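Topology and contacts: notes
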Amino acid sequence: DGGITQSPKYLFRKEGQNVTLSCEQNLNHDAMYWYRQDPGQGLRLIYYSQIVNDFQKGDIAEGYSVSREKKESFPLTVTSAQKNPTAFYLCASSKGNLGGSGNTIYFGEGSWLTVV
Amino acid sequence: QQPVQSPQAVILREGEDAVINCSSSKALYSVHWYRQKHGEAPVFLMILLKGGEQKGHEKISASFNEKKQQSSLYLTASQLSYSGTYFCGTVDTGTASKLTFGTGTRLQVTL
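This structure is a prediction, so every number in the text was calculated from the model and none was measured.

**Some points on the overall build of chain B**
- When helices and strands are tallied, chain B shows zero helices and 11 strands.
- Relative to the compact-globule value of 13 Å for 111 residues, chain B shows a C-alpha radius of gyration of 13 Å, a close match.
- Along the three orthogonal principal directions, the C-alpha set of chain B runs to about 45 × 30 × 20 Å.
- Sorting the 111 residues of chain B into buried and exposed places 47% on the buried side.
- Pairs at least 24 apart in sequence give 56% of the contacts found in chain B among residues at least 6 apart.
- Carbon and sulfur atoms make up 48% of the accessible area of chain B, which totals about 5,600 Å².

In structure tokens, the structure reads:
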């Protein structure tokens, strides 16, 4: 089945540790995104990538890093510089550029990160 | 700046109608609507494009007023399964590569 796979589903991080969240898609989509959602809140964009080997900061990129070495993969690293990382992280993808194209984004099932 | 949704929350009895509004301060290319159940990822409902037609999906439809930079989602004859949080997402003409989500509207449908 085509879709977006995020792993792990649940992750616990100790203070000072870096952790990496995996996101893989087999939809042949060009663009990929990472959003963060705090409990009871909306979705905020962390990073996005429209093509391989290129990515842009979203609205809350500080304390996070990404790479886009393959079209189907867009891992997110939560670094120790992110002081309050406990949240629900959602990876998404779209067929191409948004704009007025009619393309939209589809989400993976999400990863829950908790700082212990 | 994120789009503002109203109301923040609404409680309906099964069979009643609801309207959720989404307002942006920017000129828009498109508006996207999603529904999120507790603990799950948002699910895409529909997209409205600048210059496009009003969309419909079963008993859920939406409109887009480009001049006012506003969109509304219409839920008719609500069902229990409609419960969840509804988000609008907007693509503005300044940054066409990203989808910015609104503040969210929590909808609860009761018997």
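**Looking at the sheet that holds strand β7 (residues 64–66) of chain A**
Residues and elements named next belong to chain A.
- Ordered in space as β1-β3-β8-β7, the four strands form an open sheet in which the pairing is antiparallel. Unpaired on one side and paired on the other, β1 (4–7) and β7 mark the two borders of the sheet. Averaged over all adjacent pairs, the angle separating strand axes in this sheet is 20°, with direction ignored.
- Alignment of β1 against strand β3 (residues 19–25), held across four bridges, turns out to be antiparallel. Across the sheet, Ser7 pairs through a bridge with Ser22, a residue of β3.

**Overview of the interface of chain B and chain A**
- Contacts between the two partners involve 21 residues from chain B and, on the opposite side, 26 residues from chain A.
- Taken together, the two surfaces of chain B and chain A that pack against each other cover about 1,800 Å², and 61% of this comes from carbon and sulfur.
- Contact with chain A buries surface across chain B, with Ser97, Lys98 and Phe101 of chain B losing the most and accounting together for 29% of the total.
- Our count for the contact surface shared by chain B and chain A stands at one salt bridge.
- Lys98 of chain B is paired through a salt bridge with Asp59 of chain A; the nearest N and O atoms lie 3.2 Å apart.
- Applying the counting rule to chain B against chain A returns seven residue pairs in polar contact (both at pLDDT 80 or more).

**Considering the packing of aromatic side chains**
- Within the structure shown, the criterion is met by 11 aromatic pairs over all chains.
- Aromatic side chains Tyr47 of chain A and Phe55 of chain A sit 5.9 Å apart centroid to centroid with 80° between the ring planes, which places their arrangement in the edge-to-face category.
- A residue is classified by how much of its surface remains accessible, and Tyr47 of chain A, at 8% relative accessible area, is buried.
- Judged by its relative accessible area of 36%, Phe55 of chain A is partly exposed.
- Considering the side-chain rings of Phe107 of chain A and Tyr34 of chain B, the 5.7 Å spacing of their centres and the 80° angle between planes classify their relative orientation as edge-to-face.

**Some details on unusual backbone geometry**
- Following Ser7 of chain A, the chain continues into Pro8 of chain A via a peptide bond in cis, with omega recorded as -5°.
- Mapping Pro8 of chain A onto the fold places it in the loop between β1 and β2 (10–13).
- For the bond running from Ser6 of chain B to Pro7 of chain B, omega is -5°, close enough to zero to count as cis.
- Note that Pro7 of chain B resides in the loop between β1 (4–6) and β2 (9–13).

**Let's talk about the state of the cysteines**
- This structure, assessed with the given rule, holds two disulfides over all chains.
- Disulfide partner of Cys23 of chain A: Cys91 of chain A, at an S-S distance of 1.9 Å. In this structure the cystine formed by Cys23 of chain A and Cys91 of chain A twists about its S-S bond by roughly -75°; its chirality is therefore left-handed. Linking Cys23 of chain A in strand β3 with Cys91 of chain A in strand β9 (residues 87–94), this pair joins segments that are 68 residues apart in sequence. When sorted by exposure, Cys23 of chain A lands in the same class as Cys91 of chain A, which is buried.
- Disulfide pairing is shown between Cys22 of chain B and Cys88 of chain B; the S-S distance is 2.0 Å. Every disulfide takes its handedness from the sign of the S-S torsion; for Cys22 of chain B and Cys88 of chain B that torsion is 70°, giving right-handed. One end of the pair, Cys22 of chain B, is in strand β3 (residues 18–23); the other, Cys88 of chain B, is in strand β9 (residues 84–92), and 66 residues separate them in sequence. Across the pair, exposure class does not vary: Cys22 of chain B and Cys88 of chain B are buried alike.

Rules and cut-offs
Residues numbered from 1 in each chain as written. Chains lettered and ligands numbered in written order. Predicted model: local features only at pLDDT ≥ 70, side-chain atom pairs only at ≥ 80, totals over all residues. Heavy atoms only, no water. Helix = DSSP H or I, 4+ residues; strand = E, 2+ residues; numbered from the N terminus. Rg over C-alpha atoms; globule rule 2.2 N^0.38 Å. Buried < 20%, exposed > 50% of the residue type's maximum accessible area, 1.4 Å probe, protein only. Contact = heavy atoms within 4.5 Å. Areas by Shrake-Rupley, 256 points an atom, 1.4 Å probe, with all protein chains shown as cover. Pairing = 2+ DSSP bridges. Axes fitted to C-alpha atoms, helices over the stretch in contact; angles between N-to-C directions. Buried area = accessible area lost by both parts, 1.4 Å probe. Salt bridge = Lys/Arg side-chain N within 4 Å of Asp/Glu carboxyl O. Polar contact = N/O pair within 3.5 Å; in protein donor to acceptor, adjacent residues only side chain to side chain. Phe/Tyr/Trp six-rings, centres within 6.5 Å; stacked < 30°, edge-to-face > 60°. Disulfide = S-S within 2.5 Å.

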